[in-house]
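# Working through the structure, step by step
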Amino acid sequence: MFKVPDHQVAGHMAGAGALGPLVDDSGHFYKPLQSDERGTNEVAFYTSFSTDTRVPDQIRKFFPVFHGTRDLEASDGSGMHPHLVLEDIISSRINPSILDIKIGSSTWYPEASEAYIIKCLKKDRETCSLTLGFRISGLQFYGSKETGFWKPDRKSVNSFTHDDVRSALRKFVSSNSPTNSDIEPDCSYASTIYGGPDGILAQLLELKLWFEDQTIFHFYSCSVMMVYDKESILKGENPNPQIKLVDFAHVMEGKGVIDHNFLGGLCSLIKFISDVVTDPNK
Ligand SMILES: Nc1ncnc2c1ncn2[C@@H]1O[C@H](COP(=O)(O)OP(=O)(O)OP(=O)(O)O)[C@@H](O)[C@H]1O
Ligand SMILES: O=P(O)(O)O[C@@H]1[C@H](O)[C@H](O)[C@@H](OP(=O)(O)O)[C@H](OP(=O)(O)O)[C@H]1O
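Residues numbered from 1 in each chain as written. Chains lettered and ligands numbered in written order. Predicted model: local features only at pLDDT ≥ 70, side-chain atom pairs only at ≥ 80, totals over all residues. Heavy atoms only, no water.

- Looking at an unreviewed UniProt entry, the protein chain carries the name Inositol polyphosphate multikinase, with the source organism given as Rubus argutus.
- The UniProt entry for the protein chain carries the following text under Sequence similarities (unreviewed entry): "Belongs to the inositol phosphokinase (IPK) family."
- We quote the UniProt Function (unreviewed entry) comment for the protein chain here in full: "Inositol phosphate kinase with a broad substrate specificity." (UniProt positions renumbered as here; feature names shortened; annotations may be inferred.)

### Let's talk about the domain arrangement of the protein chain
- Parsing the protein chain into structural domains produces domain 1 (22-87) and domain 2 (96-278).
- A straight line from the C-alpha centre of domain 1 to that of domain 2 covers 21 Å.
- Every contact between the two is made by 21 residues of domain 1 and, on the other side, 18 residues of domain 2.
- Roughly 1600 Å² is buried in total at the junction of domain 1 and domain 2, and carbon and sulfur atoms are behind 65% of that figure.
- One can count three salt bridges joining domain 1 with domain 2. (Domains from an automatic or database assignment. Contact = heavy atoms within 4.5 Å. Buried area = accessible area lost by both parts, 1.4 Å probe. Salt bridge = Lys/Arg side-chain N within 4 Å of Asp/Glu carboxyl O.)

### Let's talk about the site of ligand 1
- Taken together, 18 residues sit near ligand 1, with Val-9, His-12, Lys-31, Glu-87 and Asp-100 positioned nearest.
- Side-chain polar atom of Lys-31 to an oxygen atom of ligand 1: 2.8 Å apart, as the coordinates give it.
- Protein contact buries 90% of the 630 Å² of open area that ligand 1 shows by itself.
- Of all the secondary-structure elements, those providing two or more residues to the shell around ligand 1 are strand S2 (28-32) and strand S5 (96-103).
- Residue composition of the shell around ligand 1, by class: eight nonpolar, four polar and six charged.
- Both domains that meet at the shell around ligand 1, namely domain 1 (22-87) and domain 2 (96-278), each give it at least three residues. (Near = heavy atom within 4 Å. Polar contact = N/O pair within 3.5 Å; in protein donor to acceptor, adjacent residues only side chain to side chain. Areas by Shrake-Rupley, 256 points an atom, 1.4 Å probe, with all protein chains shown as cover. Helix = DSSP H or I, 4+ residues; strand = E, 2+ residues; numbered from the N terminus. Nonpolar A, V, L, I, M, F, W, Y, C, P; charged D, E, K, R; others polar.)

### Here we look at helix H1 (residues 37-51)
- Helix length check: H1 (15 residues) gives 21 Å between terminal C-alpha atoms against 21 Å at 1.5 Å per residue, within 8%.
- All of the buried residues along H1 are Gly-39, Glu-42, Val-43, Phe-45, Tyr-46 and Phe-49. End-on, the buried residues of H1 take up no more than an arc of 160°, which puts them together on one face. Of the exposed residues in H1, those oriented more than 90 degrees away from the buried face are Glu-37, Thr-40 and Thr-51. (Expected span 1.5 Å × (residues − 1). Buried < 20%, exposed > 50% of the residue type's maximum accessible area, 1.4 Å probe, protein only. Arc of directions from axis to C-beta.)

### Side note on the pairing of S5
- In terms of burial, S5 is largely enclosed, as eight of its eight residues are buried.
- Judged by which residues are buried, S5 turns out to be covered on both faces: Pro-96, Ile-98, Asp-100 and Lys-102 on one side and Ser-97, Leu-99, Ile-101 and Ile-103 on the other are all buried.
- Bridge analysis of S5 against strand S6 (residues 134-144) gives six bridges, and the strand direction is antiparallel. Counted as the bridge partner of Ile-101 is Ile-136 from S6. (Pairing = 2+ DSSP bridges.)

### Comments concerning the pattern of salt bridges
- Tallied over the entire structure, the rule returns 15 salt bridges.
- A salt bridge links Asp-36 to Arg-38, with the shortest nitrogen-to-oxygen separation between them at 3.1 Å.
- It is possible to trace a salt-bridge network through shared partners that takes in Lys-31, Glu-42 and Asp-247.

### Considering the sheet that holds strand S9 (residues 223-229)
- What the five strands build is an open sheet, ordered S7-S6-S5-S9-S10; its pairing is antiparallel. One side of each edge strand has no neighbouring strand; the edge strands of this open sheet are strand S7 (148-150) and strand S10 (242-246). Ignoring strand direction, the axes of neighbouring strands in this sheet form an average angle of 20°.
- Sitting on the sheet, helix H10 (residues 260-278) is in contact with S5, S6, S9 and S10, with an inclination near 140° to S5. (Axes fitted to C-alpha atoms, helices over the stretch in contact; angles between N-to-C directions.)

### Quick notes on the site of ligand 2
- The local shell around ligand 2 consists of His-12, Arg-38, Lys-102, Tyr-116, Lys-119, Lys-123, Arg-135, Arg-154, Asn-158, Ser-221 and His-250.
- The separation between an oxygen atom of ligand 2 and a polar side-chain atom of Lys-119 is 2.7 Å.
- The contact in question runs from an oxygen atom of ligand 2 to an N or O atom on the side chain of Arg-154, over 2.9 Å.
- Relative to its free-state accessible area of 500 Å², ligand 2 is covered by the protein chains to the extent of 73%.
- Those elements that place two or more of their residues in the shell around ligand 2 are helix H3 (114-126) and helix H5 (154-158).
- The dominant element in the shell around ligand 2, judged by the number of residues it contributes, is H3, at three residues.

### Quick notes on the nonpolar core
- In this structure, Phe-63, Leu-169, Phe-172, Tyr-194, Phe-219 and Met-226 are the most contacted members of the largest nonpolar core, which totals 60 residues.
- Counting residues per element, this core draws most heavily on H10, at eight residues.
- Counting contributing residues per domain, this core is built from domain 1 (22-87) and domain 2 (96-278), each supplying no fewer than three.
- Listed in part, the eight residues of the second largest apolar core include Ile-90, Ile-98, Met-225 and Val-227. (Core = buried A, V, L, I, M, F, W, Y, C linked by side-chain atoms within 4.5 Å.)

See the structure below:
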């Protein structure tokens, strides 16, 4: 039985007459192929990535597992449509806190059309991408049974300033309510979620090491998803903080050159997160 995902935070969403992803009970996430070259490009990326022996095994855990493509009844009611069949990186979690962070100061690739470059550059300028090297694309933070989720709409997230980004990265790991802007985030989960040998910072640093070396792919407009279960912390269980890369519609060949656009953004994100870990009371 296919349904609209409960916890999607960004991107094209399924809805009345809108084409968007679906999930089922088997732990799969079905992303409809976008009708232009974005769809075929994303399939080509997953196909080549999953068979490329140059990709180290320990790096594969940062990508959703790819199970090919499948024709499904599209969410917009337009009939059968091809979908990427991906590992659902969220569905096994209860009340997950999620951040979708689009990496790179430039979301457009050099070979793109003038019209596409203009569209992306406008967005990169209006958001934090150009100045920070990344922008928050979407988020949902779990507060408690009483407050539920903080899930600001797309327009508010796109207008985040540097201070808003800093504050969001603190709220993500705080025990107090994310919805109440008068309360200073306490960052009391910073060491559990960001820090430690299995924390988000360690994972980002491992990914960075690969990006310092790999010249196979250039990941334009790709996101790092960060996710954990806040309720598990409250129960004294492992909140299982994880990063995963998603959205490969604009991955280009690296042609022997490092992906300095992605690497720069990743370094900037790492610095923001290390600041929270080093000085949670700032
Ligand atoms: N494998 C996955 N498992 C679970 N959720 C996912 C997965 N991939 C993506 N998502 C959810 O869907 C959202 C959008 O994903 P993605 O960026 O791939 O879509 P898109 O429509 O191409 O986005 P955009 O409009 O930014 O290009 C993510 O923010 C996340 O909430
Ligand atoms: O950041 P927002 O406000 O969610 O805006 C979307 C975002 O910039 C996507 O990256 C873009 O898809 P591409 O990267 O694939 O171009 C999409 O274009 P679209 O509406 O033309 O699909 C935008 O709507």
